[in-house]
Amino acid sequence: LMLPHITPMAGQKPHAAEELARRLSDAMRPKEGDGREADETEERQEVDAALTFSSREILQSMDFEKMSAAELAEAKLAIQSMRLPIMEVPTRRFRPGGGRRADLRATMRAALRQGGDTIPLRFKKPRHRHPPLVVLCDISGSMSRYSRMLLHFMHAVTNDRDRVHSFVFGTRLTNITRHLRHRDVDLAVEKVAESVVDWSGGTRIGACLHDFNVTWARRVLGQGAVVLL
């Protein structure tokens, strides 16, 4: 299919014309089962490795609303490999290691194994662990395209670390932590869509945050939790 060259109209920016051409091409792309030859499909799927870094730079600064279906698929793959740069913090528990605190229990065990003639001093150091993470995501109508992409990010984070609590809100607050623990991201998003009754609806941000503070804050905000809104 050859698309006509789109010339920017008076007052229209060149990148707007490029976006229009990309969306038009995406809308007119043939669907599966239309009788196309297999070699044509393989031809479309060929990727020039030299352009990979350039396309990634473009996606980093592109609005989700302006992405084509192919660009959205590429963005989802990139999101799956993203990790939050939150450092581990020391806990009250200890583990054997070269710390400065003497481990009296391990020291006594070592002394008994050697008959008590010598007392080899053992040391311990604090265990480190990621702090709890609480994610609150707006799924109202104005955020529909963005919230679906953020769900992919929330799924990647949930399966990368422990103690992640995820909530979505539009007109009401919904806890989706359990659904995002599915390894399959498509199944997880499907479960979330089934459990949320106010998807792409109105917005009651104040009421939802008040509900979180009253019902969930004491449960999930302990131990130095980090909140991502």
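It should be noted that the structure appears before, not after, this text.
Residues numbered from 1 in each chain as written. Predicted model: local features only at pLDDT ≥ 70, side-chain atom pairs only at ≥ 80, totals over all residues. Heavy atoms only, no water.

Asks: How should I be thinking about the overall build of the protein in this particular structure?
Replies: Within the protein one finds nine helices and six strands. Taking all 229 residues of the protein together, the buried fraction comes to 27%. Residue pairs in contact within the protein that sit at least 24 positions apart in sequence constitute 68% of those at least 6 positions apart. For the protein, the accessible surface area stands at approximately 16,000 Å², while carbon and sulfur atoms represent 54% of it. (Helix = DSSP H or I, 4+ residues; strand = E, 2+ residues; numbered from the N terminus. Buried < 20%, exposed > 50% of the residue type's maximum accessible area, 1.4 Å probe, protein only. Contact = heavy atoms within 4.5 Å. Areas by Shrake-Rupley, 256 points an atom, 1.4 Å probe, with all protein chains shown as cover.)

Asks: Sorry if this is basic, but what is going on with helix α7 (residues 185-195) here?
Replies: Turn by turn, an α-helix covers 3.6 residues, leaving residues three or four places apart pointing in a common direction. Turning to α7, its buried residues are Val185, Ala188, Val189 and Val192. Considered in projection along α7, the buried side chains sweep an arc of 95° and stay on one side of the axis. Across α7 from its buried face, at more than 90 degrees, point the exposed residues Asp186 and Glu194. Near the N-terminus of α7, the side chain that reaches the backbone nitrogen of Asp186, with its oxygen 3.0 Å away, is that of Asp184. (Arc of directions from axis to C-beta. Polar contact = N/O pair within 3.5 Å; in protein donor to acceptor, adjacent residues only side chain to side chain.)

Asks: Would you explain the side chain of His155 in this entry?
Replies: Mapped onto the secondary structure, His155 falls in helix α6 (residues 144-158). For His155, a relative accessible area of 7% corresponds to the buried category. Excluding residues that lie within four positions of it along the chain, His155 makes contacts with Leu180, His182, Arg183, Asp184, Val185 and Ala188.

Asks: I tried to follow the sheet that holds strand β3 (residues 133-138) on my own but got confused; where do I start?
Replies: Backbone hydrogen bonds hold the strands of a sheet together, and the pairing may be parallel or antiparallel. Strand order in the open sheet formed by four strands is β5-β4-β3-β6, and the pairing between neighbours is mixed. Each of the sheet's edge strands pairs with one partner strand only, and the pair in question is β5 (173-175) and β6 (226-228). Geometrically, the sheet is characterised by an average inter-axis angle of 20° between neighbouring strands, direction not taken into account. (Pairing = 2+ DSSP bridges. Axes fitted to C-alpha atoms, helices over the stretch in contact; angles between N-to-C directions.)

Asks: Looking at this structure, how should I read a positive patch on the surface?
Replies: There is a patch of like positive charges on the surface, built from Arg105, Arg109, Arg113 and Arg122. Inspection of the secondary structure puts Arg122 in the loop between α5 (104-113) and β2 (123-129). The exposure class of Arg122 is partly exposed, given its relative accessible area of 33%. (Patch = residues over 30% accessible without salt bridge, like charges linked within 9 Å, V, L, I, M, F, W, Y side chains within 5 Å. Salt bridge = Lys/Arg side-chain N within 4 Å of Asp/Glu carboxyl O. Lys, Arg positive; Asp, Glu negative; His and termini not counted. Charge placed at Lys NZ, Arg CZ, Asp CG, Glu CD.)

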